[in-house]
Structures are given as C-alpha cells and as structure tokens.
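# Notes for the structure review
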Amino acid sequence: DREDIDIAIRFGKGEWPDVKTEKIVDQSIELVCAPDLSKALLAEATSSKVPLIVDEQSLVSWAQWSSNVGGKHLDPSRHPVVRVPDASLSYEAAVSGQGLWLAWPVLTRDAVASGILVDQTFRDGMQISDTGLYRQHRDGAGLKSGNFAPGCTKPAQRLFEAAGISTNEKCR
C-alpha cells in the first residue's frame with residue numbers, strides 16, 4: 001500500500017485491495033530439478049529418495065499439486081523435504097541439486113533453456129486459477145489508451161509498453 005506508486009506489474013492471484021487489476025499473463029506451475037536429480041527421478045529404486053523443495057511462501061503446496069496433477073505420478077508423502085523461506089532460495093536449492101521444486105516458469109525459463117534445470121513436469125503443467133502477472137493501478141493513475149510519448153527511452157515506460165500499458169503522460 002504505497003501512495004507514491006500509480007501503476008505496477010505484480011505476480012499473484014490479483015487480489016489486492018484498493019486497486020484495479022487486469023491479468024496480462026497466465027502462469028502454470030512446473031516441476032524442475034538439477035540434471036543429476038532428473039536421472040534419479042527416472043529410476044524406480046531412487047525416485048522416492050529425491051527431496052521435495054518446499055517454498056514456505058509459495059501459492060501452491062505439494063499437497064495441492066498432488067491432488068490436482070501429480071498424485072498418479074509422484075506421492076509427496078514418500079519424499080524427504082527441504083524447507084526454504086522463499087522462491088529465490090528455492091531456486092538456489094534446485095540449481096544446487098537439493099531437490100525437486102514446484103516452480104513458476106517465469107522464474108525458471110532461462111535456467112531450463114540453458115540446461116541448468118530440467119523440467120520434470122508430467123504434462124503441460126498445472127494451471128492455478130487466477131494466478132499470473134497482473135497490471136495494477138489506482139483510480140486516476142493516468143491510464144488511458146494511446147501511446148507513450150514519442151522517443152521516450154525511460155526503462156520503466158518501455159517495460160509498461162511491453163506489457164500493453166499505455167499512458168498519455170509526457171516522459172519526464
């Protein structure tokens with residue numbers, strides 16, 4: 001709740017008080033791990049020994065994932081757990097081979113593309129209702145149809161333009 005911010009791009013379920021929100025990108029969840037752990041998951045004898053990384057601030061728990069998608073593939077109750085306080089430490093734990101992580105692709109896309117992490121998702125991922133990237137603004141924040149001021153090179157305005165947010169305000 002900051003009065004000095006008129007517009008933001010936020011990740012979540014779009015449930016923030018006193019602002020208007022519009023979803024701009026859906027997010028699904030995927031399973032990722034280091035390449036060596038990927039091999040262990042494929043081997044029946046070692047698959048249940050692979051730890052599950054639990055991000056204590058995640059919007060999705062292993063139990064939710066299991067009941068919606070993974071129960072037929074992976075039983076979370078049979079795995080050891082590595083608890084971490086947030087997504088950045090979950091990422092580091094996954095990269096360093098400490099376990100399998102339920103991750104948002106926006107956080108892992110580059111690591112999966114480069115082979116640092118391996119996508120272990122059993123199907124197209126789990127779509128979590130209403131979760132995604134949202135553009136958010138307060139009433140009267142100057143959001144109008146139109147384009148940014150011609151020639152504006154401010155990084156924040158370029159980011160908003162990429163997200164489809166336009167304003168008629170002059171570039172300052």
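Conventions used here
Residues numbered from 1 in each chain as written. Predicted model: local features only at pLDDT ≥ 70, side-chain atom pairs only at ≥ 80, totals over all residues. Heavy atoms only, no water. Helix = DSSP H or I, 4+ residues; strand = E, 2+ residues; numbered from the N terminus. Buried < 20%, exposed > 50% of the residue type's maximum accessible area, 1.4 Å probe, protein only. Contact = heavy atoms within 4.5 Å. Pairing = 2+ DSSP bridges. Phe/Tyr/Trp six-rings, centres within 6.5 Å; stacked < 30°, edge-to-face > 60°. Arc of directions from axis to C-beta. Core = buried A, V, L, I, M, F, W, Y, C linked by side-chain atoms within 4.5 Å. Salt bridge = Lys/Arg side-chain N within 4 Å of Asp/Glu carboxyl O.

The helix and strand inventory of the chain stands at 5 helices and 7 strands. Secondary structure of the chain in N-to-C order comes out as β-β-α-β-α-β-α-β-α-β-β-α. For the chain, the proportion of its 172 residues judged to be buried stands at 38%. A separation threshold of at least 6 residues defines the contact pool for the chain, and within that pool the share at least 24 residues apart is 77%.

Our focus in this paragraph is the pairing of strand β3 (residues 52-55). Burial along β3 is two-sided: L52 and V54 and I53 and D55, pointing in opposite directions, are all buried. Alignment of β3 against strand β4 (residues 81-84), held across 4 bridges, turns out to be parallel. Considered in β4, the bridge of D55 is made with V84. Pairing of β3 with strand β5 (residues 100-103), which is carried by 2 bridges, proceeds in the parallel orientation. Looking at the pairing, L52 lines up with L100 of β5.

A full pass over the atoms with the stated rule returns 2 aromatic pairs. Taking 5.7 Å as the distance between ring centres and 80° as the angle between the ring planes, the aromatic pair formed by W16 and Y134 counts as edge-to-face. Here W16, found in the loop between β1 (7-12) and β2 (20-33), pairs with Y134, found in strand β7 (residues 126-137); they are 118 residues apart in sequence, far enough to count as distant. For the residue pair W16 and Y134, the accessibility class agrees, reading buried in each case.

Let us look at helix α4 (residues 105-114). Turning to α4, its buried residues number three or more, namely P105, T108 and A111. For α4, the angular spread of buried residues about the axis comes to 135°, placing them on one side. Exposed residues on α4 whose side chains face more than 90 degrees from its buried face are R109, D110, A113 and S114. Of the surrounding secondary structure, the elements contacted by the buried residues of α4 are β2, α3 (87-95) and β5. A positive phi of about 90° marks G115, the residue just after α4.

As a further point, take the nonpolar core. Core analysis: the largest hydrophobic core is formed by 16 residues, its most contacted members being W62, W65 and L100. Counting only elements with at least two residues in this core, the list comes to β2, α1 (35-42), β3, α2 (62-68) and β5. V84, A94, W101 and A111 belong to the second-largest nonpolar core, a separate cluster that totals 9 residues.

Take the pattern of salt bridges next. Close approach of charged atoms allows side chains with opposite charge to pair. Taken as a whole and judged by the stated rule, the model has 1 salt bridge. A salt bridge links R135 to E22; the nearest nitrogen and oxygen atoms lie 2.8 Å apart. You can see R135 sitting in strand β7 and its partner E22 sitting in strand β2, a full 113 residues away along the chain. By relative accessible area, which is 42% here, E22 ends up partly exposed.

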